[in-house]
Amino acid sequence: TLVDADKFLISDSAASGAFKHVQKSNLPSGDLVKLVQAHSLSDVSVVNIDSIFSSIYSAYRVVGTFKTTNSNVDVRFRWRASSSDLSVSQYYGSGRGGYVNGSGAGATSFSEWGSSYATIALGLNNNNYNALQLDILLYPYNNTGAGNIGSINNASSLIFHNNYWKDASGERQEQVSGGYTYTQTTVADGFALYPTAGDWDGYNYAVFGYKG
């Protein structure tokens, strides 16, 4: 990982190719920064992403594809701190969306009120039509830096959108959007994604930070 004080050699064409150096802190940089990316086709029971949040960023974005080993399983999210799940029963939220199958289309929904986790997908099928595609915005509680907005937001929140093939009668294609709030003032440094049965059969994800 490069730091601001790192230097790069350059050949200055305006000075007969003389070698000079430029410091990283003087190079242009964007406000959306990729923090981590991972890919695996090995079975794991949970994807834990730890020690990734910092005071530099005000929000984070997770994009990824996840495939389960089992059918008819839910997918859950938990905040983490110091390599442990934050599982106090204060997750509040819901998901709403729609589905289509050979018989027509309809609505789908799920919710939690004071649960120890957030549900972000329900009843996945593990066929090869398509895995679970996720897009999640994370707003972890922070008491310092860019993420700190004081007493108006003493909670960790997430907004998600997904797309997946559901294991239901007749099977169906489903997409759901939703959001959750975790009303604890514990400063999270990461999060976990896990199926309710079996393992992740494979995954590919990236996490980005929005500079505040």
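Above: the structure in question.
Residues numbered from 1 in each chain as written. Predicted model: local features only at pLDDT ≥ 70, side-chain atom pairs only at ≥ 80, totals over all residues. Heavy atoms only, no water.

Caption draft 1: Region of the structure containing the pairing of strand β8 (residues 91-101). In the sheet, β8 pairs with strand β9 (residues 104-115) via eleven bridges, with the strands oriented antiparallel. Counted as the bridge partner of Asn101 is Gly104 from β9. Linkage of β8 to β9, two consecutive antiparallel strands, is achieved through a turn of two residues. Across ten bridges, the pairing between β8 and strand β13 (residues 172-182) is antiparallel. In the sheet register, Tyr91 faces β13, and the bridge partner there is Tyr182. (Pairing = 2+ DSSP bridges. Helix = DSSP H or I, 4+ residues; strand = E, 2+ residues; numbered from the N terminus.)

Caption draft 2: Expanded view of the packing of aromatic side chains. With the rule as written, the count across this model stands at 14 aromatic pairs. A ring pair is formed by Phe77 and Phe191, whose centres lie 5.7 Å apart and whose planes are at 15°; its orientation type is stacked. In this pair, Phe77 is assigned in strand β6 (residues 73-81) and Phe191 in strand β14 (residues 190-195), connecting sequence segments 114 residues apart. By relative accessible area, Phe77 is classed as buried at 0%. For Phe191, a relative accessible area of 0% gives the class buried. An angle of 25° between the planes, with centres 6.4 Å apart, marks the rings of Phe160 and Tyr180 as stacked. One end of the pair, Phe160, is in strand β12 (residues 156-166); the other, Tyr180, is in strand β13, with 20 residues separating them in the sequence. Each of the two residues, Phe160 as well as Tyr180, counts as buried. Members of the aromatic cluster, each reached through a chain of ring pairs, are Phe53, Tyr57, Tyr60, Phe77, Trp79 and Phe191. (Phe/Tyr/Trp six-rings, centres within 6.5 Å; stacked < 30°, edge-to-face > 60°. Buried < 20%, exposed > 50% of the residue type's maximum accessible area, 1.4 Å probe, protein only.)

Caption draft 3: Representation of the pattern of salt bridges within the structure. Scanning all chains against the criterion turns up seven salt bridges. Residue Lys67 is joined to Asp201 by a salt bridge in which the shortest nitrogen-to-oxygen separation is 3.9 Å. Highlighted residues: Lys67 in strand β5 (residues 57-68) and Asp201 in strand β15 (residues 200-211), separated in sequence by 134 residues. Put simply, Asp85 and Arg78 hold a salt bridge, and the shortest N to O gap is 3.4 Å. Asp85 sits in the partly exposed class, given a relative accessible area of 28%. One network of salt bridges, with partners in common, ties together Asp50, Arg78, Arg80 and Asp85. (Salt bridge = Lys/Arg side-chain N within 4 Å of Asp/Glu carboxyl O.)

Caption draft 4: Up close: unusual backbone geometry. At Asn72, a residue that is not glycine, the phi angle is positive and equals roughly 60°. Structurally, the position occupied by Asn72 is in the loop between β5 and β6. A residue is classified by how much of its surface remains accessible, and Asn72, at 53% relative accessible area, is exposed. Here Ser82, not a glycine, exhibits a phi torsion of approximately 50°, which is positive. By the secondary structure assignment, Ser82 is in the loop between β6 and β7 (84-85). On the basis of relative accessible area, Ser82 is assigned to the exposed category, the value being 63%.

Caption draft 5: Molecular detail of the side chain of Lys166. Tracing the backbone shows Lys166 in strand β12. When its relative accessible area of 11% is taken as the criterion, Lys166 is described as buried. For Lys166, the residues in contact, after removing those within four places along its chain, are Thr108, Leu122, Gly123, Asn125, Glu171, Arg172 and Glu174. (Contact = heavy atoms within 4.5 Å.)

Caption draft 6: Representation of the environment of Tyr117. When you line up the elements, Tyr117 lands in the loop between β9 and β10 (118-124). With 28 residues separating them in the primary sequence, Tyr117 and Ser89 have C-alpha atoms 7.4 Å apart. Residue contacts for Tyr117: discarding those within four places in its chain leaves Arg76, Phe77, Arg78, Tyr91, Glu112 and Tyr194. Within the structure, the side chain of Tyr117 is placed 3.1 Å from the side chain of Arg76, a separation counted as a polar contact. (Polar contact = N/O pair within 3.5 Å; in protein donor to acceptor, adjacent residues only side chain to side chain.)

Caption draft 7: Examining the pairing of β12 more closely. Alignment of strand β11 (residues 132-139) against β12, held across seven bridges, turns out to be antiparallel. Paired with Gln133 across the two strands is Asn163, which belongs to β12. Sheet topology places β12 next to β13; eleven bridges connect them, and they run antiparallel. Bridge assignment links Ser157 to a residue of β13, and that residue is Thr181.

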